[in-house]
Protein chains: 2
Amino acid sequence: MIRMSQSFIRTLREDPADAEVASHKLLVRAGYIRRSAAGVYTWLPLGLKVLRKVEAIVREEQDAIGGNEILFSALQPRAPYEATGRWEEYGPNLFRLQDRRQDDYLLAPTHEEMFTLVVKDLFNSYKDLPVMLYQVQTKYRDEARPRGGLLRVREFVMKDAYSFDVADAGLDASYEKQRAAYQRTFDRLGLPTVICKADAGAMGGSRSEEFLHPTPIGEDTFVLSEGGFAANVEAVTTLAPAPLSEAEIAQLPAMHLEETPGASTIAALTDFSNQAFPGKGPVAESGEWTRYEMLKHLVYMLTYPDGTAEPLVIAIPGDREVDEKRLEVAVAPATAVPFTEEDFAKHPVLTKGFIGPEGLGLESFSKIRYLVDPRVVPGTSWVAGAGKKDMHVYDLVFGRDFTADGTIEAAEVRDGDPAPDGSGPLRLTRGMEMGHIFQLGRKYAEALELKVLDENGKAVTPTMGSYGIGVTRAVAAIAERFCDDKGLVWPRQVAPVDVHVVAASKDPAVFAEAERISAELEARGLEVLYDDRPKASPGVKFKDSELLGIPTAVVIGRSFADGVLELRDRASGEVTETTPEAIVEQVLAAVRS
Amino acid sequence: MIRMSQSFIRTLREDPADAEVASHKLLVRAGYIRRSAAGVYTWLPLGLKVLRKVEAIVREEQDAIGGNEILFSALQPRAPYEATGRWEEYGPNLFRLQDRRQDDYLLAPTHEEMFTLVVKDLFNSYKDLPVMLYQVQTKYRDEARPRGGLLRVREFVMKDAYSFDVADAGLDASYEKQRAAYQRTFDRLGLPTVICKADAGAMGGSRSEEFLHPTPIGEDTFVLSEGGFAANVEAVTTLAPAPLSEAEIAQLPAMHLEETPGASTIAALTDFSNQAFPGKGPVAESGEWTRYEMLKHLVYMLTYPDGTAEPLVIAIPGDREVDEKRLEVAVAPATAVPFTEEDFAKHPVLTKGFIGPEGLGLESFSKIRYLVDPRVVPGTSWVAGAGKKDMHVYDLVFGRDFTADGTIEAAEVRDGDPAPDGSGPLRLTRGMEMGHIFQLGRKYAEALELKVLDENGKAVTPTMGSYGIGVTRAVAAIAERFCDDKGLVWPRQVAPVDVHVVAASKDPAVFAEAERISAELEARGLEVLYDDRPKASPGVKFKDSELLGIPTAVVIGRSFADGVLELRDRASGEVTETTPEAIVEQVLAAVRS
C-alpha cells in the first residue's frame, strides 16, 4: 500500500512552461516524471511503476517467442562501432567520451554491434541457430531538439531484439514471429498501430516495417489507402503513368524554344504560359497551362560519408515540393544540401531559375548527375528551363528530347495520390513510431566477421533481424491517448496501481474505514494507493485522484455516516454508490473485468 | 521453462585468462556474464536473472521501511556537481562528456545532488518530511584498475537511498531504519556482514558505518575485537596511554643531546643506541632500546582542493609505518605526498634523517605544522632527531621538552593493538564493502540550497542520510561465497531458476518424461531450466549442471527404464533416488524448505 501522506507523490497545479502536448503536461503535473536536463527525465514513484509495467508486457511477449533476455552496458568501446562505420555515421547524435586512458567510448544509441559480437563470442555452429536475443535497456542519443516530455528524449528505455539465422528463410520466420509479437504487445498496451512499409535503405536489409501509432502529435507522416496499403512517406513509391511507345511519341509536337522574360519561378512561368500561349496548354478543353508540366529543376550538393561531394540536379513536376525526408532517404548514405549562391557561382553552367535538362544543344554539358521524378516517363511532355536566362523549352518530350541518369523519389506525397499497389487513393496521416522491425541481413555479421560452421563444416555468415520498441515513448503514447481535461486515465494493464482509496473527510471513522478497505484490497492481491493525507480537503483529493488517473477509485466520504461509499470509474466517470460490506468484492470485480 | 537447446546459455571449459578470483572464473565459465570492455560486463540470461533477484530483495527491504523508488538518468548536467565541488573532487574517476552544444555532462557515480534537487523541486514544508527516496540504478566510475570480474567494475548497479529530515533526531531514526534494513537485506542474500565504524571525514557527516563481508579477496581491511568492536582501519582511533602529571614529569631524566653519526634511519638509531648506551633503554630489566621510542618524523606536502599547498611534519613511534589510507583520511580533503628531494631543498630547516620536534633551541623555527601520533602524550619519553645532521636528543619528554599542533591517526593499525573501546585486542581482517550508510548532514542541502519552512514559517535546511548497496558486487560476493571446485552453488533465494531438469539419455522416453516433469513443475509455480539438448552426453550435462549451480536438479537417466529418477542437491551433493510419481512433490518440498 502506498500511503500518500508518506510518499514522494506531489501534484502540481500549473502546466510546465515548456509543455505543449497533453502527455508531457499531465505526466509532469501528476508527478510521474520530472525534467533533470534537456531531454533527460527522472522517473518519480508512480511514473516508474508505469514504466515497469510497460516493460513487463514487452518482456513477456519477447519471452513468449523464445527471446533470451540479456543486458549490455550503455558504455561501449569505439572499436566495434568503428568496424561497422557507425562511429562516424551517427554524427552529432552520438554521445562520445574518453576514459582516463584517453580510450574512446560511446553511450550506445543501439547495440547491433554488441549483439553480433556476443554471438560470435559464444556460438560457432549452425546447430546453435536460430537464436533470438533481446534486452530492455537504457539508450542515449544526443537529439538536436528534445521535445514533448518523453516523446523525444536523450536518454530512454528501449527493447531491442536481434535474430540470428543461417538461411534467409530462417530470417523470414524470425521476422514473422517478431511481427506477431509486436502486434500482441501494442494490443496489450492499448495502442492501435498501423504496420507501415518503411525504408530499409541505409540499414542495408530487405524487409522493413514500422509500427506507427496514429496520433496528431506524431512526428512521422505515413499514408494509408482504403485497400490496405500503409507506408511511411519515405517508403512510398510513385505510381508512374504508362510510357508512350515510339510510334506514339513520334506524333507529339516538336519541342520549341521560347523567350520567357523574368519567368524564373514555377508560378511566374505558369502565368506567363497562360498569357503568352493561351489555350495551348495540356488541360482538356480549356487548353490551360498548369504548374504540373512546368518541370522544376533543383540543384543539391551531396556529401558522402567519406567526405567527397558531388552536385545533383533533380527534376520534379512543378506543382510539387521536394520532401526533405524523402530526399534524405533517396540519397542516403549521402546528405543533400541545396546549392548555395557560392555553389552556383562555381558552376556557371547552371543558370539559376532557368535550369533544364542537358543535351538540348543550347548549352555545354555539365556532366552533373541528373535524376527525374518517376512521373517523367517516355512520352511525357514538359516545359523546362533552356539553360539560358529568360528562355524555356516547350513540348519537351522525355525519351525523345532528353533523358536522365535515373529516377528519384524526392517529391512530396499528397493526400489523394494513388497507392503504388493500386489499392486506391492515399490518405496522409500523422503517426508516432512505436516499433520498427527490419531484416538487417548480413551487413553487421560481415563487418564484425561473425561466422558459423554449416552442415558441411564450411564457415557461413548468419543473417540478422533487428526489432526495436521504444518503451519510454510507449509510456508517453499511452498517456497521450488515455487522458482527458481532468488528467490521466490509465488503462488497467499499465496503471501504476489498481485502485485509489480516498479518505474524503476529517472524521476519524472515515480514515479507519479507508485503512480497513485498503488493507483488505492489498491482502486480496491488489496494489493500492491510499490517500490518507490528514489535512487535504476532499476537493483537493478528488482533483488529485482525477489527475493521477488510477482506473478505479473508492471514495469514503461524508455519506459514510449513512453507510454509503462510492466506487468511481475514471474512464467512464461513472459513480456507483455501495456499502462497506460490498466494496471489496466490487473493486475486485472491476479490476478483473 | 528455459530449454537449453534454444537458449543463449553456453558454458566454457577454460577459465578466462584474466581471472584470479573464483567468482570471476565461474561466472564467466558458467555463462552468466561476459566482458565487453575493461571493467564493463554484459549480463547473459542466467546472470541477469540472478541480478534481478538480488535487486528484488534489496528493493523489498527498502519498500518495507517506506522507501519511495524513483529513477534518475545516469547522464546528468555538470552544474549541480559543480555546486557541491564534486565535479572536480572526483578527479579521473568521473566519466565526463560534452553534448552537441558543448555543454558539460557526467555519468553519475552517485546521485546525492540529484536527490537533493528533486526534493527541493517538489517539497517545501516540514510537513513533507521525513521522506526516504531510493533508486536501483546503473552507475559509472572510471576505476583505474578494474579487477576480479564483477568485484570492481566501471559500470555497476547500485541501490542508493537518501533520507531527508528536518531535525537531527529524525536523521538518527532514518539511519537506524536503514541500518536494520541492511541487516535484513544481507541476511536474505546469504552474506554475513560486520558493521564497521567507517570514517565519515570528507563526507562531512557524523555517523558512518560500512557493511563489510569478511572474505580473503576483500579489498578493505577492518578490525574486530572479541568484545564486539568493529571498524574500518581508517576509522580506528588509537588507545593512548594515560598522560603523566606535572609532578611525575618533573622526576623524569632531563633531555640530552648526543652525537649519532650516520644513524639516519630508525633501525640504525636503535642499533646505535643499544651499542652506545647499553642498558639505558626503557625495556624493563634489560634496559634495551627498541624501535618504539625512536620517534619517527616524516614530512609530507599537503595539497588542498583549492590548489594551495602546505608542508606537514608528523611523528609516530619508530616501530610503525604510516598507513597511506589512514593518512589520506586524516588529512582529507587535502591530499598528502611525501616530501621530494626538491621539497627538502626548498626547506633547508628540515635535515633529512635527523628531523625532530622544534623548540629544542637547536634550530630556527620552521613554522611548519607538526602533528604527533596519539601515543605521544605528556610524560612519554622519546629519542628524536635534533634537527642537525648526526645529532639526536634522548629522554625527550612530550609536554616538557616539546609540544605539537595536534595529533594525527596516520600510523598503521596492527593485529593485537587494543580496541579503542577497551573491548580487547584487535584482529585484522579482509573484507568486501557491501554497503555503506552515513549521515551526510546538511552539506548537500546547503550547497544546493534545499530549504523547507518549519512550524513557524522559517526556512530551515534539512539534514540528509545516504545509504548505498553495491548490487552488482553483491552478485559477485554471493558467487564467491557459494561455490566449490565444480562450479557455482546458488542459494535458493537468488538462484537464476528453482530447478534444473536434466534428460540424461538418448532414449526418447526419457525426454518425454523430462518434458512432463518440467511442465508440471512450471505449472506448480517453479522456474525450470530444462536441459533438453539432444546430442550432449550425460557426462557433459552433469558437468554443466554442477557448473551452473542450480540448487536442485532432477536427473532422468538410464535407470528411468526401471522407474528410478534422481533428485540432486547441489549444496550437499546428496543424491536421492525416487520415482516419477513422487518427484514433483519432492522438488516442491526441497524448493520450499
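Starting afresh in each chain, residues are numbered from 1 along the sequence in its written order. Chains carry letters and ligands carry numbers; both start at the beginning, A for chains and 1 for ligands, and go up in the order they are written. Where local features are concerned, this predicted model is filtered to residues with pLDDT of at least 70; where side-chain atom pairs are given and counted, the filter is 80 or more; whole-chain, interface and lining totals use all residues. Computation of side-chain values covers all heavy atoms of the structure but excludes hydrogens and water.

Along the backbone of chain A there are 15 helices and 32 strands. With respect to the principal axes defined by its C-alpha atoms, chain A has extents near 95 × 70 × 45 Å. The buried share of chain A, reckoned over its 593 residues, is 56%. As presented, chain A carries roughly 24400 Å² of accessible surface, and 51% of it is formed by carbon and sulfur atoms. Between the centroid of the 67 positive side chains of chain A and the centroid of its 91 negative side chains there is a distance of 6 Å. Going along the chain from the N terminus, every DSSP run of H or I of four or more residues is numbered as a helix, and every run of E of two or more is numbered as a strand. Only protein chains enter the accessibility calculation, which uses a 1.4 Å probe. A residue is then buried if its area is under 20% of the maximum for its type, exposed if over 50%, and partly exposed in between. Per-residue and other accessible areas were derived by the Shrake-Rupley procedure at a 1.4 Å probe size, with only the shown protein chains allowed to occlude residues. Positive residues here are Lys and Arg, negative ones are Asp and Glu, while His and the chain termini are left out of the count. To locate a charge, take atom NZ for lysine, CZ for arginine, CG for aspartate or CD for glutamate.

Bringing the relation of the copies chain A and chain B into the picture now. Its rotation angle being 179 degrees, the transformation that places chain A on chain B also includes 0.1 Å of axial translation and leaves an RMSD of 0.5 Å. Interpreted geometrically, this transformation is the action of a two-fold axis. Minimal C-alpha distance to the rotation axis in chain A is attained by L97 of chain A, lying at 2.8 Å. Any two residues having at least one pair of non-hydrogen atoms within 4.5 Å are treated as being in contact. When the interface residues of chain A are mapped onto chain B, 100% of them again lie at the interface, so the same face is used by both copies. Alignment of the copies relies on least squares applied to C-alpha atoms, considering only residues that score at least 70 for pLDDT in both.

Let us now look at the domain arrangement of chain A. In this entry, domain limits derive from an automatic or database-based domain assignment. For chain A, the assigned domains are domain 1 (12–236 + 427–479), domain 2 (246–407) and domain 3 (497–592). Domain 2 of chain A and domain 3 of chain A are separated by 69 Å when their C-alpha centres are compared.

Taken residue by residue, the interface counts 54 residues in chain A and 54 residues in chain B. Accessible surface is computed with a 1.4 Å probe, and the buried area is the amount of it that two parts give up when combined, taken over both parts together. Each partner contributes to the roughly 4700 Å² buried at the junction of chain A and chain B, and carbon and sulfur atoms together form 59% of this total. A per-residue breakdown of the area chain A buries against chain B is headed by F8, R100 and L122 of chain A, which together make up 16% of the total. Should a side-chain nitrogen of Lys or Arg be within 4 Å of a carboxyl oxygen of Asp or Glu, the pair is scored as a salt bridge. For the pair chain A and chain B, the interface holds six salt bridges. Across the pair R154 of chain A and D99 of chain B runs a salt bridge whose closest N-O atoms are separated by 2.9 Å. Throughout this description, a polar contact denotes any pair of N or O atoms lying within 3.5 Å of each other; where both atoms belong to protein, one of them has to be capable of donating a hydrogen while the other can accept it, and for residues adjacent in sequence the pair is counted only when both atoms sit in side chains. For the pair chain A and chain B, the interface holds 22 residue pairs in polar contact (both at pLDDT 80 or more). If one sorts the elements of the side of chain A that touches chain B by residue count, helix 5 (residues 112–122) of chain A sits on top with five residues. Along the lines of polarity and charge, the residues of the side of chain A that touches chain B split into 30 nonpolar, nine polar and 15 charged. Think of it as three bins: nonpolar holds Ala, Val, Leu, Ile, Met, Phe, Trp, Tyr, Cys and Pro, charged holds Asp, Glu, Lys and Arg, and polar takes everything else, Gly as well.

Residues and elements named next belong to chain B. Here the rule is simple: two strands pair whenever DSSP picks up at least two bridges between them. What the five strands build is an open sheet, ordered 17-15-16-18-21; its pairing is mixed. Of all the strands in the sheet, just strand 17 (335–338) and strand 21 (406–407) have a single pairing partner and so form its edges. Of the pairings in the sheet, the one linking strand 16 (residues 309–316) to strand 18 (residues 369–372) comprises four bridges and is parallel in character. Within strand 18, the residue paired with V313 across the bridge is Y370.

Within soluble globular proteins, side chains that are nonpolar generally end up buried alongside one another. Side-chain atoms within 4.5 Å link the members of a nonpolar core, which is a set of buried Ala, Val, Leu, Ile, Met, Phe, Trp, Tyr and Cys residues. Counting residues in hydrophobic clusters, the biggest one holds 62 residues, and the most contacted among them are Y32, V54, L189 and W490 of chain A. Residue-level mapping places this core at the junction of two domains, with at least three residues from each of domain 1 (12–236 + 427–479) and domain 3 (497–592) of chain A. Not counting residues up to four positions away in its chain, the partners in contact with W490 of chain A are L27, Y32, V50, V475, I478, A479, A495, P496, L548, G549 and P551 of chain A. Core analysis: the second largest hydrophobic core is formed by 61 residues, V136, L150, I437 and V497 of chain B among them.

Looking now at the pairing of strand 12 (residues 220–225) of chain B. Residues and elements named next belong to chain B. Of all six residues in strand 12, five are buried; the element is thus mostly enclosed. As judged from the six bridges shared by strand 12 and strand 22 (residues 426–441), these two strands associate in the antiparallel manner. Of the residues in strand 22, the one forming a bridge with T221 is R430. Across three bridges, strand 12 lies against strand 13 (residues 230–232) in antiparallel orientation. Bridge pairing in strand 13 places V223 opposite A231.

Our next topic: the packing of helix 2 (residues 45–64) of chain A against helix 6 (residues 168–189) of chain A. Residue and element names in this part refer to chain A. The convention used is that axes are lines fitted to C-alpha atoms, helices contributing only their stretch in contact, and that angles between N-to-C directions extend from 0 to 180 degrees. One way to put it is that helix 2 packs onto helix 6 with a least axis distance of 9 Å and a crossing angle of 150 degrees. On the basis of their axis angle, the class for helix 2 and helix 6 is roughly antiparallel. For the pair helix 2 and helix 6, the crossing hand works out as right-handed. Together, V54, I57, V58, E60, E61 and Q62 of helix 2 and Q178, A181, Y182, R184, T185, R188 and L189 of helix 6 make up the contact between the two elements. Angles are sorted into four bins: roughly parallel if under 35 degrees, roughly antiparallel if over 145, roughly perpendicular if 65 to 115, and oblique for all others. Crossing handedness follows the turn of the near helix against the far one: under a right angle anticlockwise gives a left-handed crossing, and clockwise gives a right-handed one.

Residue and element names in this part refer to chain B. The residue R375 is located in the loop between strand 18 and strand 19 (381–385) in this model. Judged by relative accessible area, R375 falls into the buried class, the value being 10%. Of note is the side chain of R375, whose polar atom sits 2.7 Å from the side chain of D373. Beyond its immediate stretch of four places on either side in the chain, R375 contacts T238, P241, Y292, P317, R320, T380, W382, A411 and D417.

Residue and element names in this part refer to chain B. Position of V502 relative to the elements: it lies in strand 28 (residues 499–503). Overall, the relative accessible area of 0% leaves V502 in the buried class. Separated by 55 residues in sequence, V502 and G557 have C-alpha atoms that sit 8.1 Å apart. The residues touching V502, leaving out its near neighbours within four places in the chain, are D531, K541, F542, S545, V554, V555 and I556.

Let us look at the sheet that holds strand 20 (residues 391–397) of chain B. All names here are of chain B. Read across the open sheet, the three strands follow the order 14-20-19; overall the sheet is antiparallel. The strands lining the two open edges of the sheet, one partner per strand, are strand 14 (256–259) and strand 19. Averaged over all pairs of adjacent strands, the angle between their axes in this sheet comes to 25 degrees, without regard to strand direction. Strand direction decides the pairing type here: strand 19 and strand 20, joined by four bridges, are antiparallel. Counterpart to G385 in the pairing with strand 20 is H392.

Attention shifts here to the pattern of salt bridges. For the structure shown, the criterion picks out 86 salt bridges over all chains. The salt bridge involving K389 of chain B is made with D390 of chain B; its shortest N-O contact spans 3.9 Å. Residues joined by salt bridges that share partners form a network here, namely R13, D531, R533 and D544 of chain A.

Quick look at helix 15 (residues 583–592) of chain A now. Residue and element names in this part refer to chain A. Every buried residue belonging to helix 15 is among I583, V584, V587, L588, A590 and V591, and all of these are buried. For helix 15, the arc enclosing every buried residue in end-on projection is 165 degrees, short of the 170-degree limit, so these residues lie on one face. Buried residues belonging to helix 15 abut strand 28 (499–503), helix 13 (508–523), strand 30 (552–556), strand 31 (565–569) and strand 32 (575–578). Note that the arc is computed from the directions linking the helix axis to the C-beta atoms.

With that out of the way, let us pick up the environment of R400 of chain A. All names here are of chain A. Inspection of the secondary structure assignment puts R400 in the loop between strand 20 (391–397) and strand 21 (406–407). Along the sequence, R400 and I2 sit 398 residues apart, while their C-alpha atoms lie 78 Å from each other. Those residues in contact with R400 that sit more than four places away from it in its chain are I249, L252, P253, A254, M255 and D395.

What follows concerns the packing of helix 2 of chain A against helix 12 (residues 471–481) of chain A. Residue and element names in this part refer to chain A. At their nearest, the axes of helix 2 and helix 12 sit 9 Å apart, and the two run at 115 degrees to each other. Considered as vectors, helix 2 and helix 12 are oriented roughly perpendicular to each other. In this structure, helix 2 meets helix 12 at a crossing whose hand is right-handed. Across from V50, L51, V54 and E55 in helix 2, the residues of helix 12 making contact are V471, A474, V475 and I478. For the contact of helix 2 with helix 12, the per-class residue count stands at seven nonpolar, no polar and one charged.

What follows deals with the pairing of strand 9 (residues 155–165) of chain A. Residue and element names in this part refer to chain A. In terms of burial, strand 9 is largely enclosed, as eleven of its eleven residues are buried. Burial of strand 9 is two-sided: the residues E155, V157, K159, A161, S163 and D165 facing one way and the residues F156, M158, D160, Y162 and F164 facing the other way are all buried. As paired elements, strand 8 (residues 131–140) and strand 9 share ten bridges and run antiparallel to each other. Bridge assignment links K139 to a residue of strand 9, and that residue is F156.

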